[in-house]
Amino acid sequence: MIEISGLTKKFDKITALDALDLTVQNGSVTGLIGSNGGGKSTLLRILAGVFRHDSGSVLIDGERPFDNPKIKGDCYFVSDYPFFYSDSTLSNTAALYRRLYPHWSEEEFERCCAMFPIDRKQKILNMSKGMQRQAALIIALSTCPKYLFLDEIFDGLDAVVRLVLKRLLAERVDAQQMTVVIASHNLRELEDLCDNICLLHRGKVVVERDIDSLRENYRKVQIGFSQPQEDAIFEHVPVVSVWHSGNVFNLTLKGKEEDFMPQLEALQPAFISAMPLTLEEVFISEMEAAGYDANHIC
């Protein structure tokens, strides 16, 4: 289990993480989403033991990850820009990591190489961005980590490879109880993969919830009136955002339909319809509520 309490990390005068609290259960897939500079990559690097935090605590299986070979042997981190030496190939990189990681599996290495067909002798830095990420994933999965940390891993992967990756991760989580924490701006991919979502903004957790209840707790509603109305008509309804065109209003509401529909129907609209939000729509709504309004970004 990953237990984070009051975690703070600063870079000079910039606070990347600000007293952050988070718990990640074993055998789950947690998606980190949020604004640029929200702290997602910094959090992953602290979990992987790359960065030392300034205050608070972060424990993986009850131990601190920084400068801890035992915990690092159970973890693997794929950064947003995977590092390879100038002469690195898949073959010689595998030879190195075979000696470094205690759970390395030759069987998994061969299986991943078959699923991600890469020339093992070609220099990785001469490959495309997507192929470099596939090389990093082959190595990562071959170490058979108990905890896998991924930063923007979908970037550069084609649709088929993304599907293969999601299947592999789901298999590992189900069969081996691997725990995955993945940061991404590709919310559509996370929506298919994650059990839980953590929304970060300015180093703090804005929302942390399992993805099913997150969707259930939001609705978008289109409501129309026969006569012109003002936005103030919804002041007693749990509206997150509202905009209108003529007499038709588009609302984002927090809560379940049985909680707010009677209030909306009492306004005697000409028509009304409600449907769930996508994860991207939830993200935009919560970020607007946190003061990150797309309408005011130049």
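That block above? That's the structure.
What counts and how
Residues numbered from 1 in each chain as written. Predicted model: local features only at pLDDT ≥ 70, side-chain atom pairs only at ≥ 80, totals over all residues. Heavy atoms only, no water. Helix = DSSP H or I, 4+ residues; strand = E, 2+ residues; numbered from the N terminus. Buried < 20%, exposed > 50% of the residue type's maximum accessible area, 1.4 Å probe, protein only. Contact = heavy atoms within 4.5 Å. Lys, Arg positive; Asp, Glu negative; His and termini not counted. Charge placed at Lys NZ, Arg CZ, Asp CG, Glu CD. Core = buried A, V, L, I, M, F, W, Y, C linked by side-chain atoms within 4.5 Å. Pairing = 2+ DSSP bridges. Axes fitted to C-alpha atoms, helices over the stretch in contact; angles between N-to-C directions.

Caption draft 1: Seen up close, the overall build of the protein chain. Counting secondary structure elements, the protein chain contains 10 helices and 13 strands. Per-residue burial over the protein chain gives 48% buried out of 298 residues. Partitioning the intrachain contacts of the protein chain with sequence separation of at least 6 by distance along the chain shows that 68% fall at a separation of at least 24. Each charge sign in the protein chain was given a centre, from 31 positive and 42 negative side chains, and these centres are 8 Å apart.

Caption draft 2: Summary view of the nonpolar core. Leu148, Leu150 and Ile182 are the most contacted members of the largest nonpolar core, which has 52 residues in total. If you tally residues by element for this core, the top one is helix α5 (residues 129–142), at 7 residues. Excluding anything up to four places from it in sequence, Leu148 contacts Tyr76, Ala140, Leu141, Leu169, Met178, Thr179, Val180 and Val181. Grouped together as the second largest cluster of nonpolar side chains are 24 residues, Leu20, Ile46, Ala48 and Ile60 included.

Caption draft 3: Expanded view of the sheet that holds strand β1 (residues 2–11). The strand order β2-β1-β4 describes an open sheet built from 3 strands, whose pairing is antiparallel. Here the strands that pair on one side only, and so sit at the sheet edges, are β2 (14–24) and β4 (55–60). Going across the sheet, the axis of each strand differs from the next one's by a mean of 25°, ignoring polarity. When β1 meets β4, the two strands line up antiparallel, connected through 5 bridges. In the strand pairing of β4, Ile4 is matched with Val58. Helix α1 (residues 40–47) contacts β1, β2 and β4 of the sheet and is inclined by roughly 120° relative to β1.

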